[in-house]
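Observations on the three-dimensional arrangement
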Amino acid sequence: MVNINVKGCASFVDGGKYCKYVGEKALEAFDVLVSGNGAGNDFLGWRHLPSEMPEEILSGCEAVRDGWKAMGVDLVVAIGIGGSYLGAKCVIEALSHCFAKQLSRKDAAEVVFAGNNLSEEYISELMDLVRERNVACVVISKSGTTTEPAVAFRIVKQYLEETYGKAGAAARIVAVTDARKGALKTLSTQEGYRTFVVPDDVGGRFSVLTPVGLIPIAAAGFDIRALVAGACTEERALAERSSENPAVVYASMRNLLYSELGKKVEIMVTYNPKLQYLGEWWKQLYGESEGKDGKGIFPASVTNTADLHSMGQFIQEGERIMFETVVTVLNSSRSVVIGSDLQNLDGLNFLAGKHVEYCNTMAKIGTQLAHIDGGVPQIEVCIDRVDEACIGALLYFFEFACGISAYMLGVNPFNQPGVEAYKKNMFALLDKPGYEAASKAIRERL
Ligand code: PA5
């Protein structure tokens, strides 16, 4: 379901070297991934999530959606950060009507996100919205100890208890967390929240196809069965050990561009604003999986054609350290044809009768050729359309390729030790009990 095209790299890359990268490095990394012998191999549960999805997970997520619907819930606050947020946000943005908020017809609850920042304005303004609506909440934290979601949850929980009573609030709250440990697990057990488990062997950024992603996506009215089915088709397609395997091709090419040509920045390019959060999800996936031990390709993203008018100059002529991965959607689900105008004052009659998406495609092809001329290699990843099945396939494709790619780079794809550094300083500055010595030391640096 996901196809890859690396012709846009041909003028940059030596064919012999590419074969070496595929044959010696990528297939070796593929073997490490599928045999489960590599670093971080206790976090490979995501690999078979689509094909081994328990029916009770799907029906459980749907039951949460239906229960909230029966209560008349029209706003779901999904609380989480990083991998406990970006997958759901990416899928919901991709599948939602661009103007869902403004349209009067509502088929499902609106899902808004919290706990992904510590902005007082954001949480205060969220509560302005919450006070106007019939609200439920899903709080998601694999570790159950992350500060940002815990702060947001404390505030939302207090409001729900004041408004609906303790039992009423508990009926509206669902927790997704570790099976055994963490403050959220303890709290959920004590308060009697309906709880879903993030499997021990699935890390946050690989968890979109667990209740972490599936509950908010179902609550927003999307078909989680079709999403998982699309991912399942992709899981099967990528299982073949082959130099033609699209994930092997993607991992090979990006590693070659990085190691041999010094292309240290990869820009994900989309031509549909609905896919902006695909870029955000992908940046976390690749950034946290590969950026360690002094190595890694820096993942960035642009949404064209808008960003051609902001970042286009740099990409065309700035520092030559980047390549692009263009996510192409082959078919638009809507149809708008540009009309003819009698006066033709804007000079656009040459476009009359053409679909807007045709112009978008010409902009894309023109940009790719210009960027090749400017020294920016082009990888293209294609899906058929923006629907549940294709998005599910795309998510699985990038996850699987990420595992191969990080092993090619020689890093553990599944840990994120660097994320702790800011937390230690923040806790010291916030005078968290147990951090007394660190608090004293850090204040001396200010
Ligand atoms: O990918 C990861 O593991 C991280 O980005 C986590 O998802 C993120 O830090 C949130 O962690 P948690 O779900 O434990 O609150």
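Residues numbered from 1 in each chain as written. Predicted model: local features only at pLDDT ≥ 70, side-chain atom pairs only at ≥ 80, totals over all residues. Heavy atoms only, no water.

A few words on the overall build of the chain. A count of helical and extended segments in the chain gives 15 helices and 10 strands. Taking 2.2 N^0.38 as the reference for a compact globule, 446 residues should give roughly 22 Å; the C-alpha atoms of the chain span a radius of gyration of 23 Å, in line with that estimate. In terms of principal-axis extent, the alpha carbons of the chain reach across some 65 × 60 × 50 Å. Per-residue burial for the chain yields a buried fraction of 50% across its 446 residues. For the chain, restricting intrachain contacts to residue pairs at least 6 apart in sequence, the fraction spanning at least 24 positions comes to 80%. For the chain, the exposed surface amounts to about 20400 Å²; the carbon and sulfur share of it is 53%. Of the side-chain charges in the chain, 44 are positive and 54 negative, and the distance between the mean point of each set is 3 Å. (Helix = DSSP H or I, 4+ residues; strand = E, 2+ residues; numbered from the N terminus. Rg over C-alpha atoms; globule rule 2.2 N^0.38 Å. Buried < 20%, exposed > 50% of the residue type's maximum accessible area, 1.4 Å probe, protein only. Contact = heavy atoms within 4.5 Å. Areas by Shrake-Rupley, 256 points an atom, 1.4 Å probe, with all protein chains shown as cover. Lys, Arg positive; Asp, Glu negative; His and termini not counted. Charge placed at Lys NZ, Arg CZ, Asp CG, Glu CD.)

As a further point, take the sheet that holds strand β9 (residues 322-329). Sheet architecture is open: 5 strands sit in the order β1-β10-β9-β7-β8, paired in mixed fashion. What marks the edges here is a single partner per strand, and that holds for β1 (3-5) and β8 (298-303). Shown here is a sheet whose adjacent strand axes are inclined to one another by a mean of 20 degrees, direction ignored. The sheet contact formed by strand β7 (residues 265-270) and β9 spans 6 bridges and is parallel. Considered in β9, the bridge of E266 is made with F323. Its contacts with the sheet put helix α9 (residues 246-261) on β1, β7, β9 and β10 (378-383), and the angle it makes with β10 is roughly 160 degrees. Relative to the sheet, helix α13 (residues 388-409) contacts β1, β7, β9 and β10, its axis offset from that of β10 by approximately 140 degrees. (Pairing = 2+ DSSP bridges. Axes fitted to C-alpha atoms, helices over the stretch in contact; angles between N-to-C directions.)

Two aromatic rings are characterised by how far apart their centres lie and by the angle between their planes. Following the criterion strictly, the structure yields 16 aromatic pairs and no others. Taking the centre distance of 5.9 Å and the plane angle of 75 degrees together, the rings of F30 and F400 count as edge-to-face. Of the two residues, F30 is situated in helix α1 (residues 15-35) and F400 in helix α13; the sequence distance between them amounts to 370 residues. Neither residue differs from the other here; F30 and F400 are each classed as buried. Taken together, a centroid distance of 6.3 Å and an interplanar angle of 75 degrees make the contact between Y407 and F414 edge-to-face. Just as Y407 is buried, F414 falls in that class too. (Phe/Tyr/Trp six-rings, centres within 6.5 Å; stacked < 30°, edge-to-face > 60°.)

Frequently, the measure chosen for interface size is the accessible area removed from exposure when the parts meet. Its domain assignment divides the chain into domain 1 (3-37 + 238-409) and domain 2 (47-222). Look at where the C-alpha atoms of domain 1 and domain 2 centre, and you get two points 30 Å apart. At the interface, 23 residues of domain 1 touch 20 residues of domain 2. Inspection of the region where domain 1 meets domain 2 yields 1 salt bridge. Among the ionic pairs, E288 bridges to R205, the shortest N-O distance being 2.9 Å. Taken together, domain 1 and domain 2 are joined by 7 residue pairs in polar contact (both at pLDDT 80 or more). Elements with a minimum of two residues in the side of domain 1 that touches domain 2: α1, α10 (276-290) and α13. Within the side of domain 1 that touches domain 2, the residues separate by chemical class into 13 nonpolar, 2 polar and 8 charged. (Domains from an automatic or database assignment. Salt bridge = Lys/Arg side-chain N within 4 Å of Asp/Glu carboxyl O. Polar contact = N/O pair within 3.5 Å; in protein donor to acceptor, adjacent residues only side chain to side chain. Nonpolar A, V, L, I, M, F, W, Y, C, P; charged D, E, K, R; others polar.)

For helix α3 (residues 86-95), the tally of buried residues reaches 9 of 10 residues, placing the bulk of the element in the interior. Among the residues of α3, L86, G87, A88, K89, C90, V91, I92, A94 and L95 are the ones counted as buried. Those residues of α3 that are buried lie in contact with β3 (110-114), α7 (211-219), α8 (224-237), α10 and α13.

Our next topic: unusual backbone geometry. Glycine aside, negative phi is the norm for most residues, and most peptide bonds take the trans geometry. Looking along the chain, the bond that leaves N304 and enters T305 is cis, with omega of 10 degrees. Mapped onto the elements, T305 comes out in the loop between β8 and α11 (312-317). Despite not being glycine, D293 shows a phi value in the positive range, around 55 degrees. In this structure, D293 sits in the loop between α10 and β8. The exposure class of D293 is exposed, given its relative accessible area of 60%. The phi dihedral of N344 falls on the positive side, at around 55 degrees, and the residue is not glycine. According to the relative accessible area criterion, N344 is partly exposed, its value standing at 27%.

The immediate surroundings of the ligand are formed by 13 residues, with S84, S141, S143, T146 and Q284 found nearest. For the ligand, an oxygen atom lies 2.9 Å from a polar atom in the backbone of R205. Protein chains bury 89% of the 390 Å² of accessible surface belonging to the ligand in isolation. (Near = heavy atom within 4 Å.)

We now examine the side chain of N304. Within the secondary structure, N304 sits in the loop between β8 and α11. Here the side chain of N304 touches L308 through a polar contact of 3.5 Å, landing on its backbone nitrogen. Non-local contacts of N304, meaning those with residues more than four positions away in its chain, are made with V269, T270, Y271 and N272.

So, on to the sheet that holds β3. The parallel open sheet is built from 5 strands, whose spatial order is β3-β2-β4-β5-β6. Each having just a single partner strand, β3 and β6 (194-197) make up the two edges of the open sheet. The average angle at which neighbouring strand axes cross in this sheet is 20 degrees, direction not considered. Bridge analysis of strand β2 (residues 75-79) against strand β4 (residues 135-141) gives 5 bridges, and the strand direction is parallel. Across the sheet, residue V76 finds its bridge partner in β4, namely A136.

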